[in-house]
Each structure stands twice: as structure tokens, then as C-alpha cells.
Amino acid sequence: MEEIRLQKFLANKGICSRRKAEEYILNGDIAVNGKIINELGTKINPEKDVVKFKGNIIENNPKKVYILLNKPIGYVTTTKDQFR
């Protein structure tokens, strides 16, 4: 796997948004391979590097689970029903 920016890695793992990740990096809340990262734009290799957020290891589980749901007939999935 190729290297990606640390902000993107954190966002992809559901830790926070990319903008919030930048704040965490600047605050020194992120460590890669035991070293505190304070510089934006740092790239990591998710397969090799160990990333910690506030002391907790972020697991790199590359497998995604997709769930397919079928909507029953007569149900509406919208925020505004045009027929009511």
C-alpha cells in the first residue's frame, strides 16, 4: 500500500474529520512509531506504521463490511415526503 497523509488516515478510520485531525496533530495528540508528530502533511504507510491517538493504538483493518438492505414496498426513505 502506498503512503497517505496522516490526516486522511485518521479520517478514514473514523477518529475525526481531516480538519480536526490537523488540530490533534498540532496539539501533539498523535504518535507514529512512538514519535509525537507535530507537522502537518506527514505521510505514513498504514501497513507498516503504528499510529497512536492519545495513547491508544489505531487498528488498521483494511477489510470493509458492506451491508445491503432492501426497502419494503410502501416505505419512503426521504427527509421530506412529497405525498403528505
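Structural notes, computed from the coordinates. Computed from a predicted structure; not experimentally measured.

### Considerations on the packing of aromatic side chains
In step 1: What the rule picks out here adds up to one aromatic pair.
In step 2: When the centroid spacing of 4.8 Å and the interplanar angle of 65° are considered together, the rings of Tyr24 and Phe53 count as edge-to-face. You can see Tyr24 sitting in helix H2 (residues 18–27) and its partner Phe53 sitting in strand S5 (residues 51–53), a full 29 residues away along the chain. We note that Tyr24, like Phe53, is buried.

### Brief notes about a nonpolar patch on the surface
In step 1: A cluster of nonpolar side chains, namely Val65, Ile67 and Leu69, defines an oily patch on the protein surface of about 410 Å² accessible area.
In step 2: For Leu69, a relative accessible area of 72% puts it in the exposed group.

### Things to note about the pattern of salt bridges
In step 1: In the structure shown here, the tally under the stated rule is two salt bridges.
In step 2: Across the salt bridge formed by Arg19 and Glu22, the nearest N and O atoms sit 3.3 Å from each other. Here Glu22 and Arg19 lie together in helix H2, a separation of three residues that amounts to about one turn.
In step 3: On the basis of relative accessibility, which here comes to 61%, the residue Arg19 falls in the exposed class.
In step 4: The class for Glu22 is partly exposed, based on a relative accessible area of 22%.
In step 5: Between Lys20 and Glu23 there is a salt bridge, with the nearest N and O atoms lying 3.2 Å from each other. Residue Lys20 and its partner Glu23 are located together in helix H2, separated by three residues, close to a single helical turn.
In step 6: With a relative accessible area of 43%, Glu23 lands in the partly exposed category.

Thresholds, definitions, all that
- Residues numbered from 1 in each chain as written.
- Predicted model: local features only at pLDDT ≥ 70, side-chain atom pairs only at ≥ 80, totals over all residues.
- Heavy atoms only, no water.
- Phe/Tyr/Trp six-rings, centres within 6.5 Å; stacked < 30°, edge-to-face > 60°.
- Helix = DSSP H or I, 4+ residues; strand = E, 2+ residues; numbered from the N terminus.
- Buried < 20%, exposed > 50% of the residue type's maximum accessible area, 1.4 Å probe, protein only.
- Patch = residues over 30% accessible without salt bridge, like charges linked within 9 Å, V, L, I, M, F, W, Y side chains within 5 Å.
- Areas by Shrake-Rupley, 256 points an atom, 1.4 Å probe, with all protein chains shown as cover.
- Salt bridge = Lys/Arg side-chain N within 4 Å of Asp/Glu carboxyl O.

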